[in-house]
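# Survey of secondary and tertiary structure
This is what each chain is made of:
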Amino acid sequence: EGQAEEGILYHSLAICHSALGDDDRAIRCYITALRYYRRRFGVMSMIVSGALYDCATSYWNISDYAKAEDFWADCLRILLSQGIEASARPFEIQIARALYNIAASK
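These numbers come from a predicted model, not from an experiment. (Residues numbered from 1 in each chain as written. Predicted model: local features only at pLDDT ≥ 70, side-chain atom pairs only at ≥ 80, totals over all residues. Heavy atoms only, no water.)

## Overview of helix α3 (residues 46-61)
As a reminder, the rule being used: The way it works is that DSSP assigns letters per residue, a run of H or I at least four long becomes a helix, a run of E at least two long becomes a strand, and they are numbered from the N terminus. Given a helix with a known number of residues, its expected span is that number minus one, times 1.5 Å. A 1.4 Å probe rolled over the protein chains alone gives each residue an accessible area, and that area as a share of the maximum for its type sets the label: buried under 20%, exposed over 50%, partly exposed in between.
Taking 1.5 Å as the rise per residue, α3 with 16 residues should run 22 Å; its terminal C-alpha atoms sit 23 Å apart, in good agreement. Those residues of α3 that sit buried are Val48, Ser49, Ala51, Leu52, Cys55, Ala56, Ser58 and Tyr59. Looking at the residues trailing α3, positive phi occurs at serine 63, about 65 degrees.

## Description of the packing of α3 against helix α4 (residues 65-81)
Under the convention used in this document: Angular values range over 0 to 180 degrees, each being the angle between N-to-C directions of two axes fitted as lines to C-alpha atoms, with helices fitted over their stretch in contact. Working rule for angles: under 35 degrees goes down as roughly parallel, over 145 as roughly antiparallel, 65 to 115 as roughly perpendicular, anything else as oblique. In this scheme the crossing of two helices becomes right-handed for a clockwise turn of the near helix relative to the far one and left-handed for an anticlockwise turn of less than a right angle. Any two residues whose heavy atoms approach within 4.5 Å at even a single point are treated as in contact. Throughout, the ten residues Ala, Val, Leu, Ile, Met, Phe, Trp, Tyr, Cys and Pro are labelled nonpolar, Asp, Glu, Lys and Arg are labelled charged, and all others, Gly among them, are labelled polar.
In contact at an axis separation of 8 Å, α3 and α4 are set at 160 degrees when each is read in the N-to-C sense. The angle between α3 and α4 places the two elements in the roughly antiparallel class. Considering only the axes of α3 and α4, their crossing is left-handed. Seen from α3, the contacting residues are Met46, Val48, Ser49, Leu52, Tyr53, Cys55, Ala56, Thr57, Tyr59 and Trp60; seen from α4, they are Tyr65, Lys67, Ala68, Phe71, Trp72, Asp74, Cys75, Ile78 and Leu79. Here the residues of the contact of α3 with α4 sort into 15 nonpolar, two polar and two charged.

## Let's talk about the pattern of salt bridges
Two side chains of opposite charge can pair, provided their charged atoms sit close to one another. Rules: Salt-bridge detection follows one rule: a side-chain nitrogen of Lys or Arg within 4 Å of a carboxyl oxygen of Asp or Glu.
In this structure the tally under the stated criterion is two salt bridges. Of the charged contacts, one joins arginine 25 and aspartate 22 as a salt bridge, the two residues approaching to 3.8 Å between their closest N and O atoms. For arginine 25, a relative accessible area of 42% puts it in the partly exposed group. Assessed through its relative accessible area of 27%, aspartate 22 is described here as partly exposed. One salt bridge connects aspartate 74 with arginine 77, and the closest N-O pair in it is separated by 2.4 Å. Of the two residues, aspartate 74 and arginine 77 are both situated in helix α4; the distance of three residues between them amounts to about one turn of the helix.

## Digging into the environment of leucine 13
In this structure, leucine 13 sits in helix α1 (residues 2-19). Sequence separation between leucine 13 and alanine 26 is 13 residues, and the spatial gap between their C-alpha atoms is 7.4 Å.

## A look at the nonpolar core
As a reminder, the rule being used: In plain words, nonpolar cores are sets of buried Ala, Val, Leu, Ile, Met, Phe, Trp, Tyr and Cys residues tied together by side-chain atoms within 4.5 Å.
Membership of the largest hydrophobic core comes to 21 residues, with the highest contact counts inside it found for Leu34, Val48, Leu52, Cys55, Tyr59 and Phe71. If you list the elements that add at least two residues to this core, you get α2 (23-41), α3 and α4. Of the residues forming this core, the biggest block, seven residues, is contributed by α2. Excluding its chain neighbours within four sequence positions, the residues that come into contact with leucine 34 are Val48, Ala51, Leu52 and Phe71.

## A short note on the state of the cysteines
Going by this rule: Cysteine sulfurs are considered disulfide-paired once they come within 2.5 Å of each other.
If you walk through the whole model with that rule in mind, you get zero disulfides. With no disulfide of its own, cysteine 29 has cysteine 16 as its nearest cysteine by sulfur position, at a separation of 9.3 Å.

And the structure:
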């Protein structure tokens, strides 16, 4: 249980750093949150997908397009494995695909 709370703390802190324009710090916090989330919820959980998405966005903001592509690809893989495409959330899968394709084209 403590791992989930710590993951949420680091994820929230990362979002704050990103909002303040400090994406390098945000990325470090996202990576830490991902470690906690993966231990607590497994590598293919939706909470991991969210952190991957957010981290990819920070990589994009610092023009590290290769890393952004990798993280968005991992996010997309989780979304597809969870059956999101067939659920009531098709918009999110379209966004993930679009972002992945944009990053892959850089």
